[in-house]
Each structure stands twice: as structure tokens, then as C-alpha cells.
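For reference, the chains in residue letters:
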Amino acid sequence: MKNRKRCISYLLLPISLFFLSSCSNVDKYSINGKFVFTSSRTGNSIDVYVTKNGKTTLVAKRAYCPKWSPDGKAIACAVEGRFNETKKDGILVISTDGKVKEFFETDSTPTQVNWDASGSVIYYALSRKDKPIYSDGIFSLNMANRTHSKVWSAEHNLRITDISASPLGDKILFKTSELPLGIFLLDLKDKQTKYLATGVN
């Protein structure tokens, strides 16, 4: 089928080897029957699409890790400046038709983009500048005042592979794919982490 969704393999696109290998290329949640996903259907880049009832729309070029906002009115995704016309790393927030776009520059390449339950904060991981395969920590983008903050600093050679905020917004669940391997719970009030499980996907 022409309109069949195709997830991207980082083996086919080595330019995003470190980021796409851990990013989800399809947001598992649908909004009013719409799904958002990434594809290299053009063969030249990784792009973000929205599909519904067999109709697929390109909403962002050279972006990845797309996530719906809780109200379904926007999509947040990551942009790697080296391979984007912006030439800057950052978070791109777009309308579902791709017509309204807002770009928030970051200090290095972002990944694991996700919203909090209120839709007022976007959490993400940043790659280390000295060793991009590893994460520098977890950061937040406050949509009200358009400011970035560092929520938690990663120690050692840690690679964050998933971020999810709790419904109350007081905790963050995240996974790592490097030792210590597993699932962690971060309390946003005291910035303490709790090791919950290992070897769990």
C-alpha cells in the first residue's frame, strides 16, 4: 500500500544514528483518528507526517521524535541543526496541518521530546557536546514564558531513551540504555532519582 506507514531504521540513515535509534518514530497515541510519525519516504531526509484515513500530510521536514500535545492541537518534535535548514538544534512545535511553526533553540541536539499532562511544559533530553551519543540530562521548555531549564544532570556515560511526565506533573519517568540500564523515577521537587527496574522496555 502506498500510504502504508514506514518507520525509519537508523541503519538506513546513518546521519541520525544516535538519535533515531532510541527515538520512537510513531507516537503510539492517536488524536481524533490521526497518527503522527516519521518517515524517509522522500529518500533524502527524515520528515514528520500526520496520517488519517489513508491521507498523509507532511508537517515538518528534517525532524524526529514527534509527540502530540495533550489537547491534540500541536506536535512537538526534535530538530538536529546539521541536517535542517535552520542550521540550529532545537524543539519545533507545529500545528497539525504544518502551517504554524514555532522553533525553540537548544544548546545541543535534543531527543526524547514529550509533553507534560497540562501541555504547558515540554521535556526533552540533550546530547553531550563532547560525546553526542550520551545524554547531558533532562531539560524542560516552559511554553508560557518560552524558557529552557535543566531539570536533571546525567552522570557518567548515560543515554536517556524515553521520558514521560506523571499526570500530576511532579515526577518524571525515564529509561536508559547504558549502564546503569533500566527505568528511573525522578522527583521534580527534590531532584532525587529512584531506580525502579532493569532490563525492561
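Preceding this section is the structure that the text describes.
All of the points below concern the structure found in this document. (Residues numbered from 1 in each chain as written. Predicted model: local features only at pLDDT ≥ 70, side-chain atom pairs only at ≥ 80, totals over all residues. Heavy atoms only, no water.)

## A short note on the overall build of the protein
Then comes step 1: Secondary structure summary: the protein contains 1 helix and 15 strands in total.
Then comes step 2: Within the protein, buried positions represent 47% of all 201 residues.
Then comes step 3: When the accessible surface of the protein is split by element, carbon and sulfur atoms take 51% of a total near 10,600 Å². (Helix = DSSP H or I, 4+ residues; strand = E, 2+ residues; numbered from the N terminus. Buried < 20%, exposed > 50% of the residue type's maximum accessible area, 1.4 Å probe, protein only. Areas by Shrake-Rupley, 256 points an atom, 1.4 Å probe, with all protein chains shown as cover.)

## What about the pattern of salt bridges?
Then comes step 1: For the coordinates displayed, the defined rule picks out 6 salt bridges.
Then comes step 2: Glu-80 is the salt-bridge partner of Arg-82, the closest N and O atoms lying 2.8 Å from each other.
Then comes step 3: A salt bridge links Glu-105 to Lys-88, with the nearest nitrogen and oxygen atoms 3.9 Å apart. With Glu-105 in strand β7 (residues 101–105) and Lys-88 in the loop between β5 (74–79) and β6 (90–95), this pair connects stretches of sequence that are 17 residues apart. (Salt bridge = Lys/Arg side-chain N within 4 Å of Asp/Glu carboxyl O.)

## Describing the pairing of strand β14 (residues 182–187)
Then comes step 1: Counted residue by residue, β14 has 5 buried out of 6 residues, so it is predominantly covered.
Then comes step 2: Between strand β13 (residues 171–176) and β14, which pair antiparallel one after the other, the connecting turn spans 5 residues.
Then comes step 3: Across 4 bridges, the pairing between β14 and strand β15 (residues 193–197) is antiparallel. Paired with Phe-184 across the bridge in β15 is Tyr-195.
Then comes step 4: Remark: 5 residues form the turn of the hairpin made by β14 and β15, two consecutive strands paired antiparallel; Lys-191 in that turn has positive phi of roughly 60 degrees. (Pairing = 2+ DSSP bridges.)

## Some words on the sheet that holds β15
Then comes step 1: Here we have 4 strands laid out as an open sheet, ordered β12-β13-β14-β15, and antiparallel in their pairing. Pairing within the sheet leaves two strands with one partner each, and these edge strands are β12 (160–165) and β15. The sheet shows a mean angle of 25 degrees between the axes of neighbouring strands, taken without regard to direction.
Then comes step 2: Across 6 bridges, the pairing between β13 and β14 is antiparallel. Opposite Phe-174, over in β14, you have Phe-184 as the bridge partner. (Axes fitted to C-alpha atoms, helices over the stretch in contact; angles between N-to-C directions.)

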